[in-house]
Amino acid sequence: DPQQKELATASKRKLRRFIVIDEVVDKLYGSKVREYFEENNVQHKILALPTTEETKSMDLVLNILHEVQSFSLDRRTEPIIAIGGGVCLDIVGLAASLYRRRTPYIRVPTTLLSYVDASVGAKNGVNFLQCKNKLGGYTPPVASFLDRSFLQSIPRRHISNGLGEILKMALMKHKGLLDLLKNHGKYLLDTKFQSCNSFAHHGDAALQTTRIAIETMLEELAPNLWEDDLDRLVDFGHLISPELEMRVLPSLMHGEAVNIDMAFMTYVAHARGLLAAEDKEQILQCMRGLELPVWHSGCSWALIQRALRERLKHSGGQLRMPLPTGLGVADIFNDTSEETLERAYKLWVKD
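Residues numbered from 1 in each chain as written. Predicted model: local features only at pLDDT ≥ 70, side-chain atom pairs only at ≥ 80, totals over all residues. Heavy atoms only, no water.

At a minimum axis separation of 7 Å, helix H6 (residues 156-173) and helix H10 (residues 254-271) run at an interaxial angle of 40°. With respect to H10, the element H6 is oriented oblique. Note that H6 runs across H10; the crossing there is left-handed. The segment H6 lies against H10, with Arg-157, Asn-161, Gly-164, Glu-165, Leu-167, Lys-168 and Leu-171 engaging His-254, Gly-255, Glu-256, Val-258, Asn-259 and Met-262. Across the contact of H6 with H10, the residue classes tally to four nonpolar, five polar and four charged. (Axes fitted to C-alpha atoms, helices over the stretch in contact; angles between N-to-C directions. Helix = DSSP H or I, 4+ residues; strand = E, 2+ residues; numbered from the N terminus. Parallel < 35°, antiparallel > 145°, perpendicular 65-115°, else oblique. Left-handed = near helix turned anticlockwise from the far one by under 90°. Contact = heavy atoms within 4.5 Å. Nonpolar A, V, L, I, M, F, W, Y, C, P; charged D, E, K, R; others polar.)

In terms of domain boundaries, the protein breaks down into domain 1 (9-152) and domain 2 (156-350). The interface is formed by 22 residues belonging to domain 1 together with 32 residues belonging to domain 2. For the pair domain 1 and domain 2, the summed buried area comes to about 2300 Å², and 67% of that belongs to carbon and sulfur atoms. Contact with domain 2 buries surface across domain 1, with Leu-112, Leu-113 and Arg-148 losing the most and accounting together for 27% of the total. At the junction of domain 1 with domain 2, the criterion picks out three salt bridges. Between Glu-245 and Lys-132 there is a salt bridge, with its nearest N and O atoms 3.3 Å apart. The interface formed by domain 1 and domain 2 holds seven residue pairs in polar contact (both at pLDDT 80 or more) in total. Broken down by secondary-structure element, the contributors of at least two residues to the side of domain 1 that touches domain 2 are helix H5 (112-118), strand S5 (123-128) and strand S6 (131-138). By residue number, the principal contributor to the side of domain 1 that touches domain 2 is H5, which donates five residues. (Domains from an automatic or database assignment. Buried area = accessible area lost by both parts, 1.4 Å probe. Salt bridge = Lys/Arg side-chain N within 4 Å of Asp/Glu carboxyl O. Polar contact = N/O pair within 3.5 Å; in protein donor to acceptor, adjacent residues only side chain to side chain.)

We now examine unusual backbone geometry. Omega for the bond connecting Leu-249 with Pro-250 falls within 30 degrees of zero, at 0°, which places this linkage in the cis form. Counting through the fold element by element, Pro-250 comes out in the loop between helix H9 (241-248) and H10. One non-glycine residue, Leu-129, lies in positive phi territory at about 50°. Tracing the backbone shows Leu-129 in the loop between S5 and S6.

Okay, the pattern of salt bridges next. Applying the stated rule across the entire model yields 28 salt bridges. Here Glu-67 ties to Lys-45 by a salt bridge, and the two come within 3.6 Å at their closest N and O atoms. With Glu-67 in helix H3 (residues 58-71) and Lys-45 in strand S2 (residues 43-49), this residue pair connects regions lying 22 residues apart in the sequence. Each of Lys-123, Glu-227, Arg-232, Asp-235 and Arg-311 takes part in one network of salt bridges that share partners.

The next point concerns the state of the cysteines. Tallying each qualifying case throughout the model produces zero disulfides. Cys-299 forms no disulfide, and the closest cysteine sulfur to it belongs to Cys-131, at a distance of 17 Å. The buried category is assigned to Cys-299, whose relative accessible area is 2%. (Disulfide = S-S within 2.5 Å. Buried < 20%, exposed > 50% of the residue type's maximum accessible area, 1.4 Å probe, protein only.)

Quick look at the layout of surface pockets now. In this structure, the second largest pocket occupies an estimated 1300 Å³ of space. Leu-15, Arg-17, Tyr-36, Val-42 and Ile-106 are the residues nearest the centre of the second largest pocket, which is lined by 32 residues in total. Of all the secondary structure elements, the ones that give two or more residues to the lining of the second largest pocket are helix H1 (2-10), strand S1 (16-22), helix H2 (23-39), strand S3 (80-84) and strand S4 (105-109). A class-by-class count of the residues in the lining of the second largest pocket yields 15 nonpolar, seven polar and 10 charged. (1 Å grid on protein atoms, 1.4 Å probe; cavity = no way out; pocket = protein on both sides within 12 Å on 5 of 7 lines; lining within 4 Å. Points joined across faces, edges and corners; volume = space filled by probe spheres on them.)

What follows deals with the pairing of strand S8 (residues 321-324). Of the two faces of S8, the one carrying Met-321 and Leu-323 and the one carrying Pro-322 and Pro-324 are both buried. Pairing of S8 with strand S9 (residues 330-333), which is carried by four bridges, proceeds in the antiparallel orientation. For Leu-323, the partnering residue across the bridge sits in S9 and is Asp-331. (Pairing = 2+ DSSP bridges.)

Inspection of the entire model under this criterion finds seven aromatic pairs. Arranged with centres 4.9 Å apart and planes meeting at 80°, the rings of Tyr-29 and Phe-150 form a pair that is edge-to-face. Here Phe-150 lies in the loop between strand S7 (143-144) and H6 and Tyr-29 lies in helix H2, a separation of 121 residues in the sequence. Phe-150 shares its class with Tyr-29; the two are buried. Ring geometry for Phe-264 versus Tyr-345: centroids 6.3 Å apart, planes at 75°, classification edge-to-face. Linking Phe-264 in helix H10 with Tyr-345 in helix H13 (residues 338-350), this pair joins segments that are 81 residues apart in sequence. The exposure classification of Phe-264 matches that of Tyr-345, with both residues buried. Aromatic ring contacts, followed pair by pair, group Phe-264, Trp-301, Tyr-345 and Trp-348 into a single cluster. Geometry around Phe-71 places Arg-16 over its ring, the cationic atom sitting 4.2 Å from the centre. (Phe/Tyr/Trp six-rings, centres within 6.5 Å; stacked < 30°, edge-to-face > 60°. Lys NZ or Arg CZ within 6 Å of the ring centre and 35° of its normal.)

Residues Arg-75, Arg-76, Arg-100, Arg-101 and Arg-102 make up a contiguous surface patch of positive charge. The class for Arg-100 is partly exposed, based on a relative accessible area of 46%. (Patch = residues over 30% accessible without salt bridge, like charges linked within 9 Å, V, L, I, M, F, W, Y side chains within 5 Å. Areas by Shrake-Rupley, 256 points an atom, 1.4 Å probe, with all protein chains shown as cover. Lys, Arg positive; Asp, Glu negative; His and termini not counted. Charge placed at Lys NZ, Arg CZ, Asp CG, Glu CD.)

Next up, the structure:
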């Protein structure tokens, strides 16, 4: 906005920014970030922190808030900037929402998962009493800045991890996105979502895949930003996975746990007669092609029962179970019997 720019540059007060950056990202990109702020004559404080599922707690939020208080931010004109993966964005979002009741913040995702998932929507939060994201709120950022060049430096497993959340949206809402993943999955893994002119026969699969995934996510989230309606297709893969992920930390990444949940629910859909056998096999084949796990020994029948009991508690007494009813189409069901779930589980384990 030219007017805002003019006001900012006309002010006698020096521009100031408080940045929280994941410590791994800081080692890779910290010098460039510092150089950027120095060249633009911005007074800045950069706080590098270990942001992992194990450290995703109120303690880290309070640590950030102590530093914010020392830096003395203007709570309306000086947004906090979060640079990192989904955990970093979640923690900083919660800290910003608590400081002076609402301080603006900006998300800069550096992993594929955070690029297509945590960067979109209003939610933030931390883990509490070994429960995933038990404390949190709904405070959207003032902006999310998306730059796929960050993805060059993340391991292949992290790319696969992010593909789990992209696949979720494809299975629920977009056959075209599913086809992109089936046809270009290995290429996207090999190139780490960089746009390469030398692979013209793939088109710009990276740009298409990320754009469709984000637009599809926004379509689903925007009308229900504060989750007033608990019937949410984006909950696919998130019924069993929170329990599984916290139980086996740190052996599974978020997108991997989500995919294991989706694989089981694909069997549930088949057991209910919603999904043909060939469609079930196509989905599982796509998951394997994206190098995602389709089963984990920690996902016991007892864990599934416990996770679904938790789901009932926090979903208004109904399961609200999103299930694929074909390729790229889905619906939400409340009437899946325990017998059907157990039958699906036995077949899943056997396969």
